[in-house]
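Structural features, examined
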Amino acid sequence: MNANQSKVYLARIDAFAITRNAVAHAENCLESRSGWDIESLGYNIECNFPEIDSDKCDAIAAAVMRKSL
């Protein structure tokens with residue numbers, strides 16, 4: 001593996017870890033308080049994880065909410 005491949009690999013691992021942390025954050029939000037909708041939970045994720053774009057934050061929120069049903 002060359003240096004560029006290593007950088008790409010490490011960036012992918014970092015992105016995965018950030019997404020995993022955002023999912024855990026969303027799950028904790030749902031456990032701690034009711035009344036969330038996809039838009040508000042997505043916005044909350046976006047505020048806490050600014051490195052994730054808003055569309056992905058909404059997708060995380062939707063997936064976590066579906067999972068919790």
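Small disclaimer: the values here were computed from a predicted structure and weren't measured.

Quick look at the packing of helix 1 (residues 3–32) against helix 3 (residues 54–68)
Closest axis-to-axis distance for the helix 1/helix 3 pair is 10 Å, and the angle between their directions is 50°. Put simply, helix 1 runs oblique to helix 3. Between helix 1 and helix 3 lies a crossing whose hand is right-handed. Residues T19, A22, V23, A26, E27 and L30 of helix 1 lie in contact with helix 3, whose contacting residues are K56, I60, V64, M65, K67 and S68. Along the lines of polarity and charge, the residues of the contact of helix 1 with helix 3 split into seven nonpolar, two polar and three charged.

Conventions and cut-offs
Residues numbered from 1 in each chain as written. Predicted model: local features only at pLDDT ≥ 70, side-chain atom pairs only at ≥ 80, totals over all residues. Heavy atoms only, no water. Axes fitted to C-alpha atoms, helices over the stretch in contact; angles between N-to-C directions. Helix = DSSP H or I, 4+ residues; strand = E, 2+ residues; numbered from the N terminus. Parallel < 35°, antiparallel > 145°, perpendicular 65-115°, else oblique. Left-handed = near helix turned anticlockwise from the far one by under 90°. Contact = heavy atoms within 4.5 Å. Nonpolar A, V, L, I, M, F, W, Y, C, P; charged D, E, K, R; others polar.

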